[in-house]
Amino acid sequence: MPSVRRVSHEFLERRGLTTIFGNPGSNELPFLAELPDSFRYVLGLHEGAVVGMADGYAQATGRPVLVNLHAASGSGNAMGALTNAVASRTPMVVVAGQQVRPAIGPEANLSSVDAPALMKPLVGWAAEPACAEDVPRALAQALFEAELQRRPTYLSVPYDDWAAEAGDNCLPILDRRVERGSAPGGEQARRLVEQVTAARRPLLVLGGDIDSAGLFDDAVRLAERLGSPVWAAPSLFRLPFPNRHPLFRGVLPAGIAPVSAAFEGHDLVLVLGAPVFRYHEYLPGRYLPEGTHLIQVTDDASAAARAPMGEALVAAPGAVIDLLVNALDALGEAAGEYRPAPEPPTAEGDRLHPEEVFAALRDRMPHDTAYVAESTSTNSAWWRQMDLRRSGSYYFPAAGGLGFGLPGAVGVAMGRPDRPVVGVIGDGSANYGITALWTAAQHRVPLTVVLLRNGTYGALRWFGGLLGVPDAPGLDIPGLDFTRIAEGYGVASQHVHSAEELRAVLAEHPEHPRLVQVDTALTTPS
Ligand code: TZD
Ligand code: CA
C-alpha cells in the first residue's frame, strides 16, 4: 500500500509540477522526504520572493506552479505577493505544512490555527484535509481548482499525514482529467456577432488575460478585421497588443472619468479578457458616455458578475476572437505603419531621463526580450519609448503590490530560458523582493536587472499632488547602493553614468545574472 507522500509525489510528477518554489520549515520536511529525482526545489529566502518567482514562472510558462510554504508565519509573509497572483489569475498551488494533528488544538508552536481561514479571502480555495487518507484527493482538488478558477489555492497538511497509508481509493486521482469547455452557445454567438457587426464605431479593450491565454497575435487579427482602435485595460499587468501598432491607443487611464472620455463617440466597446475595470485613482464620473454600449467577454465568472455596467458573456476570449474573425471576413481599412518612438528627452546633471534608459533597452536588447517592470513613476515614459511586438513581452505586478518585479523577473527567466529577460526595477520596489537576487545567483539565471535609482518613492510624490497631500513624510529613500547589495547576494553589478555607457553594457549578454544601477531623474506616472 503506497504512502500519502508517494501517491502525492506521483500525482505532481504526472501533472508536470516538478519545479517547487519554496521556503521550508520543520512542518514541511516530511513532504519533501523521498522526492523523486525529477523534482527540483528552487529555494527562495523570503516567502514574498518565493511566490513572486513562482508567479513569474507560471505566467511565463503558461503552466500551473507548485509552491511550498511554512505554516502561519511563512504563509503570512507570502500574502502580499499572493494579491498579485490573484489579480494576474495565476494558477498556483500552495502546499503548506501544519503541526501534527494532535498538536493543532493545543496550539503547539508552529501550528496554524484554522489555516484555511487565514488564506481564504485571497486564495480561490483553501483546505486542510479531514484525514490523512484524503490528502492526495485534496491535492488534486487544489490543482484543479487553481486551473479552473485560474487562482492560487492553498492546502495545509499536518506533517504526520505524509507517512500514512494512502488506501486504494487514492489511486483513481492519478488519472483524472478535468477540463473546462469554453465556446459560447449558438444563440450567444449569433447575438454577439450581430452586435459587433452592426456597430458603426466599435472599440476594443484588451486585458492581460489575452496575453496569458496566448492570444496576442489573434488580437491583432481581430483588430485589423474590425479596423477598430484598441486600448489596453487599466492597471495592465501583461501587454495584449503591440504597443506601436497603428491601431493601438495606449493603456486606459485607471479612473472612471478618463475611461469614459476615451470611449466618447464609440457605440460599442468590446472588452476581451479583462475585468470592467480595475480602476485606481478615484476620478468619479459616468461609467460610460451616452450612447455607448459595453460588452465584456471573460472566462472569469466573478469578473463578469461584479462589473458595475455593461453586459457580460462568460466564455473564453480565444473562442470569441475566432468566432468574430470568421464572421468578419472582409478586412478593415489597412491599418498603416507602426509608429516610431520619439527622441528621448535628456535630464540635467549626471542623471539619465528614464526615457533614455528605455530607448537604450529598445535599441540594444533583442526584439524577443521579456520585460518585468516595477518602477511606478516611469509608466508613461516606458510606453513612449518601448516597442514590444511579441507575446509574453511585458509583466507588471497585477494588483499593484510591490515585490513582484525582481522575483517575477527571476521566475520569468527560469521559465523561458529561450528569451532574454530584463527586470526594470525602481529603487523603492527592489527592496520588497531583494532576496530573489540570491536565487538568481545560485541558479545562474541569465537575467539583467536595470535598477532605476531616483532616491524616492516617485509615484507617491505624484499621488501626493493628486490627493492634495504635498507634505507627507516617509517618501525619500536616500543612501541605497544596489551594486553593493547585489554583490552581497552573489550577483555581478555595475553603476553606469551615461546613456552611452548603458548602451554598451546592454549590448553584452552574459550567461549569469547582473544588476545595472542607473541614477535617474524623477518623472510622473502619467
Ligand atoms: N507596499 C507595497 C507592497 N505595494 C505598494 N504599492 C506600496 C507599498 C505603495 N507604493 C506604491 O504604490 S508606488 C511606491 C510605493 C511605496 C513607490 C515605489 O518606488 P520605486 O518607483 O522607486 O520603485 P518610482 O518610480 O520611484 O515611483
Ligand atoms: Ca524610486
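Please read all numbers here as calculations on a predicted model, not as lab measurements.

Participant: Break down the overall build of the protein chain for me, with residues and values.
Facilitator: Counting secondary structure elements, the protein chain contains 21 helices and 18 strands. For 526 residues, the compact-globule estimate of 2.2 N^0.38 gives 24 Å, and the protein chain sits close to it at 24 Å. Each principal axis of the C-alpha atoms in the protein chain carries an extent, and together these give about 65 × 60 × 45 Å. Scored against the burial criterion, the 526 residues of the protein chain give a buried share of 57%. For the protein chain, contacts bridging at least 24 residues in sequence account for 76% of all contacts bridging at least 6. For the protein chain, the exposed area adds up to about 21100 Å²; of that, 50% sits on carbon and sulfur atoms.

Participant: Could you give me a rundown of the site of ligand 1, with the residues and numbers involved?
Facilitator: Close to ligand 1 lie 17 residues, the nearest being Thr376, Ser377, Gly428, Ser429 and Ala459. Within the backbone of Gly458, an N or O atom sits 2.8 Å from an oxygen atom of ligand 1. Among the elements that make up the shell around ligand 1, the one with the highest residue count is helix H19 (residues 458-466) (three residues).

Participant: Lay out the sheet that holds strand S11 (residues 293-298) in plain terms, naming residues and giving numbers.
Facilitator: An order of S9-S8-S7-S10-S11-S12 is seen for the six strands of this open sheet, with the pairing classed as parallel. The open sheet has two edge strands, strand S9 (248-251) and strand S12 (311-314), and neither has a second partner. On average, adjacent strands in this sheet sit at an angle of 20° to one another, irrespective of strand direction. The pairing of strand S7 (residues 202-206) with strand S10 (residues 268-272) spans five bridges and is classified as parallel. Bridging from a neighbouring strand, Leu203 pairs with Val269 of S10. The strands touched by helix H9 (residues 186-198) are S10, S11 and S12; relative to S12, the strand with the most contacts, the crossing angle is about 135°.

Participant: Describe the coordination of the calcium ion (ligand 2), and please don't skip the residues or the numbers.
Facilitator: The protein atoms that coordinate the calcium ion (ligand 2) are Asp427 (OD), Asn454 (OD1) and Thr456 (O), at distances of 2.2 to 2.3 Å. On the primary sequence, the residues serving as donors to the calcium ion (ligand 2) are separated as D-x26-N-x1-T. Of this pair, Asp427 sits in the loop between strand S15 (421-426) and helix H18 (436-442) while Thr456 sits in the loop between strand S16 (447-453) and H19; the two residues are 29 residues apart in sequence, bridging distant segments of the chain. Across this residue pair, the class does not change: Asp427 and Thr456 are buried.

Participant: Got a sec to walk through the packing of aromatic side chains? Specific residues and values, please.
Facilitator: According to the stated counting rule, one finds 14 aromatic pairs in the structure shown. Pairing Tyr371 with Trp382 gives two aromatic rings, centres 5.4 Å apart and planes at 80°, and the pair type is edge-to-face. Taken together, the residues Tyr371 in strand S13 (residues 370-374) and Trp382 in helix H16 (residues 379-385) connect sequence positions eleven residues apart. Given a relative accessible area of 3%, Tyr371 falls into the buried group. Ring centres 6.0 Å apart and planes at 35° place the aromatic pair Trp382 and Tyr394 in the tilted group.

Participant: An account of a nonpolar patch on the surface is needed here, citing residue identities and associated values.
Facilitator: There is a patch of nonpolar side chains on the surface, built from Leu466, Leu467 and Val469 and spanning about 270 Å² of accessible area. Tracing the backbone shows Val469 in the loop between H19 and helix H20 (482-489).

Participant: Can you lay out the nonpolar core for me, pointing to particular residues and giving the numbers?
Facilitator: Ranked by size, the top nonpolar core spans 59 residues in total, and within it Leu222, Leu272, Phe358, Leu361, Tyr371, Trp382 and Leu502 carry the most contacts. With six residues, the top contributor of residues to this core is helix H11 (residues 216-226). Of the domains in this structure, domain 2 (186-327) and domain 3 (354-519) are the two that each give at least three residues to this core. When residues no more than four places from it in sequence are discounted, the contact partners of Trp382 are Phe358, Leu361, Tyr371, Leu388, Tyr394 and Val424.

Participant: Give me the lowdown on the packing of helix H3 (residues 47-61) against helix H17 (residues 405-415), citing residues and values where you can.
Facilitator: One way to put it is that H3 packs onto H17 with a least axis distance of 6 Å and a crossing angle of 40°. Classed by the angle they form, the pair H3 and H17 counts as oblique. Pair H3 / H17 crosses with right-handed handedness. Contacts between H3 and H17 pair Ala49, Gly52, Met53, Gly56, Tyr57, Ala60 and Thr61 from the former with Pro407, Gly408, Val410, Gly411, Val412, Met414 and Gly415 from the latter. Class assignment of the residues belonging to the contact of H3 with H17 gives a composition of eight nonpolar, six polar and no charged.

Participant: Could you give me a rundown of the domain arrangement of the protein chain, with the residues and numbers involved?
Facilitator: Here the protein chain is described as being made up of domain 1 (4-175), domain 2 (186-327) and domain 3 (354-519). Using only C-alpha atoms to locate each centre, domain 1 and domain 2 end up separated by 35 Å. Taken together, the contacts link five residues of domain 1 with seven residues of domain 2. Between domain 1 and domain 2 lies a buried interface of about 560 Å² when both sides are counted; carbon and sulfur atoms form 38% of it. Its largest share of buried area at the contact with domain 2, domain 1 owes to Gln59, Ala87 and Arg89, together 72% of the area lost on that side. Seen at the junction of domain 1 and domain 2, the total is three salt bridges. Here Arg89 and Asp299 are joined by a salt bridge, their closest N and O atoms 2.8 Å apart. Residues of the side of domain 1 that touches domain 2, tallied by class, amount to one nonpolar, two polar and two charged.

Participant: If you had to explain H17 to someone new, which residues and values would you point to?
Facilitator: Within H17, eleven of the eleven residues are buried, which leaves it mostly tucked inside the rest of the structure. Within the span of H17, buried status applies to Gly405, Leu406, Pro407, Gly408, Ala409, Val410, Gly411, Val412, Ala413, Met414 and Gly415.

Participant: Describe the sheet that holds strand S17 (residues 492-496), and please don't skip the residues or the numbers.
Facilitator: The strand order S14-S13-S15-S16-S18-S17 describes an open sheet built from six strands, whose pairing is parallel. Among the strands making up the open sheet, the edge pair consists of strand S14 (394-395) and S17. By the bridge criterion, six bridges tie S16 to strand S18 (residues 514-519) in an arrangement that is parallel. Bridged to Leu452 within S18 is Val518.

Participant: Pulling in residues and values, what's your account of unusual backbone geometry?
Facilitator: Val276 connects to Phe277 through a cis peptide bond whose omega is -25°. In this structure, Phe277 sits in the loop between S10 and S11. Located in the positive-phi region is Glu34, a residue other than glycine, with phi close to 55°. Residue Glu107 is not a glycine yet carries a positive backbone phi of 60°. Looking at where Glu107 falls in the secondary structure, it is placed in the loop between helix H6 (101-104) and helix H7 (115-119).

Reading the values: the criteria
Residues numbered from 1 in each chain as written. Chains lettered and ligands numbered in written order. Predicted model: local features only at pLDDT ≥ 70, side-chain atom pairs only at ≥ 80, totals over all residues. Heavy atoms only, no water. Helix = DSSP H or I, 4+ residues; strand = E, 2+ residues; numbered from the N terminus. Rg over C-alpha atoms; globule rule 2.2 N^0.38 Å. Buried < 20%, exposed > 50% of the residue type's maximum accessible area, 1.4 Å probe, protein only. Contact = heavy atoms within 4.5 Å. Areas by Shrake-Rupley, 256 points an atom, 1.4 Å probe, with all protein chains shown as cover. Near = heavy atom within 4 Å. Polar contact = N/O pair within 3.5 Å; in protein donor to acceptor, adjacent residues only side chain to side chain. Pairing = 2+ DSSP bridges. Axes fitted to C-alpha atoms, helices over the stretch in contact; angles between N-to-C directions. Donors = N, O, S within 2.8 Å, 3.2 Å for Na, K, Ca; no water. Phe/Tyr/Trp six-rings, centres within 6.5 Å; stacked < 30°, edge-to-face > 60°. Patch = residues over 30% accessible without salt bridge, like charges linked within 9 Å, V, L, I, M, F, W, Y side chains within 5 Å. Salt bridge = Lys/Arg side-chain N within 4 Å of Asp/Glu carboxyl O. Core = buried A, V, L, I, M, F, W, Y, C linked by side-chain atoms within 4.5 Å. Domains from an automatic or database assignment. Parallel < 35°, antiparallel > 145°, perpendicular 65-115°, else oblique. Left-handed = near helix turned anticlockwise from the far one by under 90°. Nonpolar A, V, L, I, M, F, W, Y, C, P; charged D, E, K, R; others polar. Buried area = accessible area lost by both parts, 1.4 Å probe.

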